[in-house]
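Residue-level structural notes
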Amino acid sequence: MKVLVTGGAGYIGSHTVLCLLQQDHQVVVYDNLCNASVESITRVEKLTDKSVEFVEGDIRDRAALTEVFHSHQVDAVIHFAALKAVGESSQIPLAYYQNNVHGSATLLEVMAENNVQNFIFSSSATVYGESNEPPYKETMVLGQPASPYGTSKVMVENIMQDVAKSNDKFRGISLRYFNPIGAHESGQIGEDPKGIPNNLLPFVAQVAVGKREKLSVFGDDYATKDGSCERDYLHVMDLAEGHVAALNWLASKPEFTGVEAFNLGTGTGISVFEIVNSFEQATEQKIPFEVAPRRQGDLPAFWADANKAKEQLNWQAKRSLTDMMKDTWRWQSGNPQGYVSHD
Ligand SMILES: NC(=O)c1ccc[n+]([C@@H]2O[C@H](COP(=O)([O-])OP(=O)(O)OC[C@H]3O[C@@H](n4cnc5c(N)ncnc54)[C@H](O)[C@@H]3O)[C@@H](O)[C@H]2O)c1
């Protein structure tokens, strides 16, 4: 298939592009590079010995998107492009709705104009909101996320439902990611957040490499196994493979129309302290930390019911927590400044 990957230069996108190329799909990456470096794509090309067509552009730019669909016979779109910093989304909510919601609507419109029906969307466990009890199942009614970022994901899922009602050819998949961490085993591509990392593992890795002084653990008095928050961490390469599985599922089901949601997680909650211990053991690095007050909007614990993806997509996360730690460290220690030092 020829797959248009929006946001394909980013963290999850670049790992997915690598898997797509390895499965002999052709890939066009469309990214405005607001949170990525094109170096990630160059490295994916080297790792796979295959080439990627890269177009620098914004998903809100209808003319540029139309041009891409006119110059490529696109079979499917995997849509990663979004702003994703949960805290920042409360400070500048309109930028998040503008980018994530308006951008997705523009993309869906241009797809429809060009008769492209296969759409795989990067959703998130955050769509289950604050009132659903873990493990989260796809059959749960979507909740009220604590942030504009989360709300933007619920809004795009709702838009997909409405598109499917109005267009009986539309074939949408919503992949609800839990907490991707780790990096490709080569250490050549990985997560390269701009500024202070919002997520736990990049922060831990930057402490280990000496870029940050110590880790703040937000709250140690939750009703969890050790008092710290628990999340369902999965290896980014497992997550990337989940996209190929979703694409294969679409290809194997020509009769399918509508929207289907799948959780991509391991089904297990891991605490912040377990992550720190596991990182220390796997890498022999010491991670100084302090306990800080709870962060507003943080849920104590959640994890996936991952059975639907296993049964229907034939996908299961298979890499271990130790793999996640070792691969993170290989990437971070080999690229202490991320991609920048190689630009
Ligand atoms: N990383 C996570 O923990 C996580 C969890 C759940 C869902 N997601 C979702 O997965 C997707 C990918 O996340 P990621 O971690 O790889 O983030 P990322 O920031 O590394 O990747 C997003 C990419 O989209 C690009 N982009 C952003 N806005 C754009 C626009 N208007 N036009 C074109 N390109 C644009 C960025 O330059 C970047 O390359 C996002 O939709 C995110 O919300 C991520």
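The name given to the chain in an unreviewed UniProt entry is UDP-glucose 4-epimerase, with the source organism recorded as Opacimonas viscosa. Its UniProt record, at the heading Subunit (unreviewed entry), says of the chain: "Homodimer." Its UniProt record, at the heading Catalytic activity (unreviewed entry), says of the chain: "UDP-alpha-D-glucose = UDP-alpha-D-galactose".

1. Thoughts on the domain arrangement of the chain
Here the chain is partitioned into domain 1 (2–181 + 233–266) and domain 2 (200–230 + 268–304 + 320–342). One C-alpha centre belongs to domain 1, the other to domain 2; they are set 26 Å apart. Listed by partner, the interface residues are 20 residues for domain 1 and 19 residues for domain 2. Carbon and sulfur atoms make up 67% of the surface buried where domain 1 meets domain 2, a total of about 1,700 Å² over both sides.

2. Some details on the packing of aromatic side chains
What the rule picks out here adds up to 11 aromatic pairs. Aromatic pair Phe119 and Phe121: ring centres 6.4 Å apart, planes at 10°, arrangement stacked. Of the two residues, Phe119 and Phe121, both sit in the buried class. Here Tyr136 and Phe302 contribute two aromatic rings whose centre-to-centre distance is 5.5 Å and whose plane-to-plane angle is 20°, an arrangement assigned as stacked. With Tyr136 in the loop between strand 5 (118–124) and helix 6 (148–166) and Phe302 in the loop between strand 13 (289–292) and helix 10 (307–313), this residue pair connects regions lying 166 residues apart in the sequence. An aromatic cluster is built from Tyr128, Tyr136, Phe178 and Phe302, whose rings are joined through pairwise contacts. Positioned over the ring face of Tyr222 is Arg294, at 4.0 Å from the centre of the ring. It is Lys308 that lies over the ring of Phe262; its NZ or CZ is 4.8 Å from the centre.

3. Observations regarding the environment of Phe178
For Phe178, the position within the fold is in the loop between strand 6 (171–177) and strand 7 (179–181). Phe178 gets classed as buried once you look at its relative accessible area, which sits at 5%. Separated by 87 residues in the primary sequence, Phe178 and Gln91 place their C-alpha atoms 23 Å from one another. Not counting the four nearest positions on each side in its chain, Phe178 is found in contact with Ala125, Tyr128, Tyr136, Asp232, Leu234, Asn263, Leu264, Gly265, Phe302, Trp303 and Ala304.

The rules behind each value
Residues numbered from 1 in each chain as written. Predicted model: local features only at pLDDT ≥ 70, side-chain atom pairs only at ≥ 80, totals over all residues. Heavy atoms only, no water. UniProt positions renumbered as here; feature names shortened; annotations may be inferred. Domains from an automatic or database assignment. Contact = heavy atoms within 4.5 Å. Buried area = accessible area lost by both parts, 1.4 Å probe. Phe/Tyr/Trp six-rings, centres within 6.5 Å; stacked < 30°, edge-to-face > 60°. Buried < 20%, exposed > 50% of the residue type's maximum accessible area, 1.4 Å probe, protein only. Helix = DSSP H or I, 4+ residues; strand = E, 2+ residues; numbered from the N terminus. Lys NZ or Arg CZ within 6 Å of the ring centre and 35° of its normal.

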